[in-house]
Amino acid sequence: MKSTNAAHREVIHHWFGWVTVPGHGPAWARGHVTVPLCAPREQACRLIVAWLRGRGCAVPADLSQVITLLPGQITPVPPADDTTPRSV
């Protein structure tokens, strides 16, 4: 038996806000992060923090002080690789 809902679903969260870049001052940052549908909002925040810190930004412990994380959008399910012969 095959499950019909086995497709991997994801959520895209768009984010934006002012961050501090040491030696340069405030900078506007924006982007998006993709997480599994079942992932908590905190996982999206951790990914954003890691990305910002990887680029030298100073990020407060409470990311919501500087970043707005918009509600997620569920990605569409890609079509199944259906190789069933069809009559023409």
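Residues numbered from 1 in each chain as written. Predicted model: local features only at pLDDT ≥ 70, side-chain atom pairs only at ≥ 80, totals over all residues. Heavy atoms only, no water.

**Considering the nonpolar core**
Ranked by internal contacts, the top residues of the largest apolar core, which has 17 residues, are Trp15, Ile48, Leu52 and Leu63. Broken down by secondary-structure element, the contributors of at least two residues to this core are strand E1 (10-21), strand E2 (25-36), helix H1 (41-54) and strand E3 (67-69). Filtering out sequence-adjacent residues up to four positions away, Leu52 remains in contact with Trp15, Val19, Ala29, Cys57, Val59, Leu63 and Ile67. (Core = buried A, V, L, I, M, F, W, Y, C linked by side-chain atoms within 4.5 Å. Buried < 20%, exposed > 50% of the residue type's maximum accessible area, 1.4 Å probe, protein only. Helix = DSSP H or I, 4+ residues; strand = E, 2+ residues; numbered from the N terminus. Contact = heavy atoms within 4.5 Å.)

**Structural notes on the environment of His8**
By the element assignment, His8 lies in the segment before E1. Judged by its relative accessible area of 54%, His8 falls in the exposed class. Spatially, the C-alpha atoms of His8 and Thr75 are 9.5 Å apart, while their sequence positions differ by 67 residues.

**Details of the confidence of the model for the chain**
When pLDDT is averaged across the chain, the result is 83; 78% of the residues are at 70 or more. Averaged pLDDT values over the elements of the chain bottom out at 90 in strand E4 (residues 73-74) and peak at 94 in E2. (pLDDT = per-residue confidence, 0-100.)

**Remarks on the packing of aromatic side chains**
Enumeration over the complete set of coordinates arrives at three aromatic pairs. Consider the rings of Phe16 and Trp28, whose centres lie 5.8 Å apart with planes at 35°: the pair is tilted. With Phe16 in strand E1 and Trp28 in strand E2, this residue pair connects regions lying 12 residues apart in the sequence. An angle of 65° between the planes, with centres 5.4 Å apart, marks the rings of Trp18 and Trp28 as edge-to-face. Here Trp18, found in strand E1, pairs with Trp28, found in strand E2; they are 10 residues apart in sequence, far enough to count as distant. What links up through ring pairs into an aromatic cluster is the set Phe16, Trp18 and Trp28. (Phe/Tyr/Trp six-rings, centres within 6.5 Å; stacked < 30°, edge-to-face > 60°.)

**Description of H1**
Side chains that are three or four residues apart share a direction in an α-helix, a result of its 3.6 residues per turn. Counted at 1.5 Å a residue, the expected span for H1 with its 14 residues is 20 Å, and the 20 Å between its end C-alpha atoms agrees. Taken residue by residue, H1 has Ala44, Ile48, Val49 and Leu52 as its buried positions. The arc enclosing the buried residues of H1, seen along the axis, measures out at 135°, which places them on a common side. Opposite its buried face, H1 presents the exposed residues Arg46 and Gly54, each directed more than 90 degrees away. Buried residues along H1 sit in contact with E1, E2 and E3. In the stretch just after H1, Gly56 is the one whose phi turns positive, near 85°. (Expected span 1.5 Å × (residues − 1). Arc of directions from axis to C-beta.)

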